[in-house]
Amino acid sequence: MSPKPLILNLFEMNCVGHITHGLWRLPGNNRHRYTDVSYWTELARLAEDGGFTAIFLADVVGAYDTYGGSAEAALREGLQIPNNDPMLVVPAMAAVTERLSFGITFSTSYEPPFAFARRMSTLDHLTGGRVGWNIVTSYLPNAARNFGLAEEIEHDRRYEIADEYLEVLYKLWEGSWDEDAVVRDVEGNLYSDPAKVHRIDHAGANFSVAGPHLSEPSPQRTPTLILATASPAGAVRAGQNAELVFTHGPLLEKTAPAVRAAAEAAGRDPQEPKFVVQAAVITGRTQQEVDEKLAQYHAHRSTEGLLVHQSVPIRALEHPRERTIAEALEVEGLPADTPVGRRGTQETVGDLLDAVDEAWHDRFFVAGTPEAVADAIEHWLDVDGIDGINLRQYHSFDTVRDFAELISPILRRRGRLPERRGTMRRQLTGRDRLPTEHPATRFRGAFAGVGV
């Protein structure tokens, strides 16, 4: 039996500080160049040469302002603010690559589906089908306030909106244009056959969209569907829709069965969704080099950045470690029922500080020489049952360069990193379009007879 191939994504964001807080300050780090298009083209070339499947672009549409009651700490840290639009760097990266795909995060909660449908179809055309959509519903309270809401939309309500959002998009992408609608008849002066382009006339609880879709059918029609989830509600939606599921390593054993069960209930092949986890790799040519990098990264990491990113409400660094969280809330004048992540209020501030730094000891973390790292990745694939990783970046461009130069050659020799070509969906599933059992395909041909 052939070795299980690795889906290898580079985890990125169009900002200075993504998830390795404080490390933008490392010597030689290029994070400050995120506003320069050459940063993205150089990164894309490195990733493609290193056998990466995709660059996975995270995004938020708000600032982290729970810690200390403002965005002050996030701004000091450069923590996902400033940040720029992830979609706009994709054409530049696609233009200098042939195989690399791009996963783009976009929220269903705040912007209308019609405009987003066109933007994604445009990217699918420009990249030759090398794009996927990471479907999120947004979770920052500040994001809600940026779009005219007084407070964050409740979790399950966000998913209800997302369900209808997806329905609208599926109608536009899969049903609005027939497969043979584009004729390109020069002599007959007929580009598109009007009888084969349809309104969708969607009228729902949240959206009203007439159509037709403004873009002609793109290589994938519907971009590759990715869903990041750690919740039961998210697992159900992932099973119904996602081709690639991004989940937290500690939750893999709960999330994967829930997703597969939901996929089967929706009439899909339960083995169809593939699972990627965030993973961290630190490597070097010798163990001494690895140890030096690890020490340097530890020295530059920011615990305050971790607290900000996890929306911890208390200024934990200003409290004695032995003080309970309940006492810290009282000292800062915060309500006793203020949520502090997954920590109980009788736990100590020290417990909290130790927990927020847990990524350095995560299940999918490895620091070692190239052979040791390759062994660990194979263990993740064969024993833990994942399909791929979103590689955490400690240094741009050393993280991707180290992987490309030191680890990828080993994984290639072991049959774990085959060369993939074609659309993103073809690289992951062997086909360009969604299979007929996917819920989106029920809109193929559904609007026949509906004029424009």
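Residues numbered from 1 in each chain as written. Predicted model: local features only at pLDDT ≥ 70, side-chain atom pairs only at ≥ 80, totals over all residues. Heavy atoms only, no water.

(A) Structural detail: helix α9 (residues 287-300). Spanning 14 residues, α9 covers 20 Å between terminal C-alpha atoms, matching the ideal 20 Å at 1.5 Å per step. Taken residue by residue, α9 has V290, K293, Y297 and H300 as its buried positions. All buried residues of α9 project into a common sector of 100° when viewed along the axis, lining one side. In α9, the exposed positions angled more than 90 degrees off the buried face are occupied by Q288 and A299. (Helix = DSSP H or I, 4+ residues; strand = E, 2+ residues; numbered from the N terminus. Expected span 1.5 Å × (residues − 1). Buried < 20%, exposed > 50% of the residue type's maximum accessible area, 1.4 Å probe, protein only. Arc of directions from axis to C-beta.)

(B) Main features of the environment of T105. For T105, the location among the structural elements is in strand β3 (residues 101-107). Accessibility expressed as a relative area gives 4% for T105, which makes it buried. In this structure, the C-alpha to C-alpha distance between T105 and R425, residues 320 residues apart in sequence, is 17 Å. In contact with T105, other than residues within four places in its own chain, are F56, L57, A58, D59, P86, N134 and V136. In terms of polar contacts, T105 uses its side chain to reach the backbone carbonyl oxygen of L57, at 2.7 Å. Within the structure, the side chain of T105 is placed 2.8 Å from the side chain of N134, a separation counted as a polar contact. (Contact = heavy atoms within 4.5 Å. Polar contact = N/O pair within 3.5 Å; in protein donor to acceptor, adjacent residues only side chain to side chain.)

(C) The side chain of S101, seen in detail. Inspection of the secondary structure puts S101 in strand β3. Residues within four places of S101 in sequence aside, it is in contact with T53, A54, I55, R130, M424 and Q427.

(D) Layout of the pattern of salt bridges. Summed over the entire model, instances satisfying the criterion amount to 33 salt bridges. Ionic pairing is found between R426 and D432, a salt bridge with its closest N-O pair at 3.0 Å. A network of salt bridges, in which partner residues are shared, links E371, D375, E378, D382, R414 and R416. (Salt bridge = Lys/Arg side-chain N within 4 Å of Asp/Glu carboxyl O.)

(E) Seen up close, the packing of aromatic side chains. Counted under the stated rule, the structure contains 15 aromatic pairs. Seen in terms of ring centroids, Y165 and F207 are 5.5 Å apart; in terms of plane orientation they differ by 85°. Their pairing is edge-to-face. With Y165 in helix α6 (residues 155-175) and F207 in the loop between β7 (202-203) and β8 (208-209), the pair connects residues that are 42 residues apart, well separated along the chain. Overall, Y165 belongs to the buried group, its relative accessible area being 0%. On the accessibility criterion, F207 (15% relative accessible area) is buried. Here the aromatic cluster, defined as three or more aromatic residues joined through ring pairs, consists of F106, F116, W133, Y165, W173 and F207. (Phe/Tyr/Trp six-rings, centres within 6.5 Å; stacked < 30°, edge-to-face > 60°.)

(F) Quick look at empty space enclosed by the protein. Throughout the structure, instances matching the rule amount to four cavities of 30 Å³ or more. Approximately 110 Å³ is the volume attributed to the largest cavity. Every residue lining the largest cavity is counted, 14 residues in all, and those nearest its centre are V16, H18, T20, R31 and Q393. Here the lining of the largest cavity is built from residues that sort into six nonpolar, seven polar and one charged. (1 Å grid on protein atoms, 1.4 Å probe; cavity = no way out; pocket = protein on both sides within 12 Å on 5 of 7 lines; lining within 4 Å. Points joined across faces, edges and corners; volume = space filled by probe spheres on them. Nonpolar A, V, L, I, M, F, W, Y, C, P; charged D, E, K, R; others polar.)

(G) Region of the structure containing the environment of A144. For A144, the location among the structural elements is in helix α5 (residues 141-146). What makes A144 buried here is its relative accessible area of 0%. For A144 and F11, which are 133 residues apart along the polypeptide, the C-alpha to C-alpha distance reads 25 Å.

(H) Representation of the pairing of strand β11 (residues 274-283). A large share of β11 lies buried, amounting to eight of its ten residues. Relative to β11, strand β10 (residues 244-247) runs parallel, the two sharing four bridges. Bridged to L244 within β11 is K274. By the bridge criterion, four bridges tie β11 to strand β13 (residues 388-391) in an arrangement that is parallel. Bridge pairing links Q278 to N390 in β13. Pairing analysis gives four bridges linking β11 to strand β12 (residues 365-368), with the strands arranged parallel. (Pairing = 2+ DSSP bridges.)

These figures capture arrangement, not role.
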